[in-house]
Amino acid sequence: MADSSFDIVSKVERQEVDNALNQAAKEISQRYDFKGVGASIAWSGEKILMEANSEDRVKAILDVFQFKLIKRGISLKALDAAEPQLSGKEYKIFASIKEGISQENAKKVAKTIRDEGPKGVKAQVQGEELRVSSKSRDDLQAVITLLKGKDFDFAMQFVNYR
C-alpha cells in the first residue's frame, strides 16, 4: 500500500486579508474616537499602512485590524507589525503578511515530528513547505494533533491530506 501524506504550509488568503482591511477601514471611518484625527488604514504596495495623529490611536487601529483578521480566521502569527514611528505630525505603523515556512522553522517542525511523533513518520522539507508521510493515516492524524498543540512562531495549515 502506498504511503499517505499531507503538506504543512504557511499561506494566507489574500482576499480575506483585504476583506479584513476593508472592514477595519469602515469601522475606523465610523467610530467617534477616530473622527478628525486623520486615522486611516490602507495597502501601501505589499505592506499595510496605518496612520493617526497619536501613538495610542495608531495602536488602536492595529487592534481593530487584528480583531477583523481573527474574525476572518487568519492567525495573527501571519501579521508582522512594526513599532509605531513618528513621521512629521503623524504616527505610522507598517505591517506585512508573512507567508511560507523558512528553512529554520521547517527544520524545527521536522525535529519535533521525529522526536515526539509516532515511529515511521517521515518529514521532508520541500521549498517553503513540509511534506509529512507515513504508511498509517492514524499516525498522520497524531502528527497533526501534536503540531496543533505546539506553539510555533508562524501560522500553519495542513493541506493535501491523502
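Above this text you will find the structure in question.
Since the model is a prediction, treat every value here as computed from it, not as a measurement.

## Topic: the packing of helix 3 (residues 103–116) against helix 4 (residues 137–149)
Phase 1 of the analysis: The N-to-C vectors of helix 3 and helix 4 enclose an angle of 120 degrees; their axes lie 11 Å apart at closest approach. Between helix 3 and helix 4, the crossing angle belongs to the class labelled oblique. Judged by the sense of rotation from one axis to the other, the crossing of helix 3 with helix 4 is right-handed. The segment helix 3 lies against helix 4, with V109, T112, I113 and E116 engaging V143, L146 and L147.
Phase 2 of the analysis: Its residues assigned to classes, the contact of helix 3 with helix 4 comprises five nonpolar, one polar and one charged.

## Concerning unusual backbone geometry
Phase 1 of the analysis: Positive phi, close to 55 degrees, is recorded for N160, a residue that is not glycine.
Phase 2 of the analysis: Its location among the elements puts N160 in the segment after strand 9 (157–159).
Phase 3 of the analysis: The partly exposed category is assigned to N160, whose relative accessible area is 41%.

## Quick word on the pattern of salt bridges
Phase 1 of the analysis: Scanning the model with the defined rule gives 15 salt bridges in all.
Phase 2 of the analysis: Here E129 and K11 are joined by a salt bridge, their closest N and O atoms 3.9 Å apart. Taken together, the residues span a long stretch of sequence, with E129 in strand 8 (residues 129–134) and K11 in the loop between strand 1 (4–9) and helix 1 (14–30) at a distance of 118 residues.
Phase 3 of the analysis: Relative accessible area serves as the criterion here: at 51%, K11 is assigned to the exposed category.
Phase 4 of the analysis: Put simply, E46 and R14 hold a salt bridge, and the shortest N to O gap is 3.3 Å. With a gap of 32 residues between them, E46 in the loop between strand 2 (40–44) and strand 3 (47–52) and R14 in helix 1 connect regions that are remote in the sequence.
Phase 5 of the analysis: Classification of E46 as exposed rests on a relative accessible area of 60%.

## Focus on the sheet that holds strand 9
Neighbouring strands of a sheet are bound in pairs by backbone hydrogen bonds; such pairs are parallel or else antiparallel.
Phase 1 of the analysis: Strands sit in the order 7-8-1-9 across an open sheet of four strands; the sheet is antiparallel. At either end of the open sheet lies a strand with only one pairing partner, and these are strand 7 (122–126) and strand 9. With direction set aside, neighbouring strand axes in the sheet form an average angle of 25 degrees.
Phase 2 of the analysis: Note: strand 1 against strand 8, five bridges, orientation antiparallel. Along strand 8, the bridge assignment pairs S5 with S133.

Analysis parameters
Residues numbered from 1 in each chain as written. Predicted model: local features only at pLDDT ≥ 70, side-chain atom pairs only at ≥ 80, totals over all residues. Heavy atoms only, no water. Axes fitted to C-alpha atoms, helices over the stretch in contact; angles between N-to-C directions. Helix = DSSP H or I, 4+ residues; strand = E, 2+ residues; numbered from the N terminus. Parallel < 35°, antiparallel > 145°, perpendicular 65-115°, else oblique. Left-handed = near helix turned anticlockwise from the far one by under 90°. Contact = heavy atoms within 4.5 Å. Nonpolar A, V, L, I, M, F, W, Y, C, P; charged D, E, K, R; others polar. Buried < 20%, exposed > 50% of the residue type's maximum accessible area, 1.4 Å probe, protein only. Salt bridge = Lys/Arg side-chain N within 4 Å of Asp/Glu carboxyl O. Pairing = 2+ DSSP bridges.

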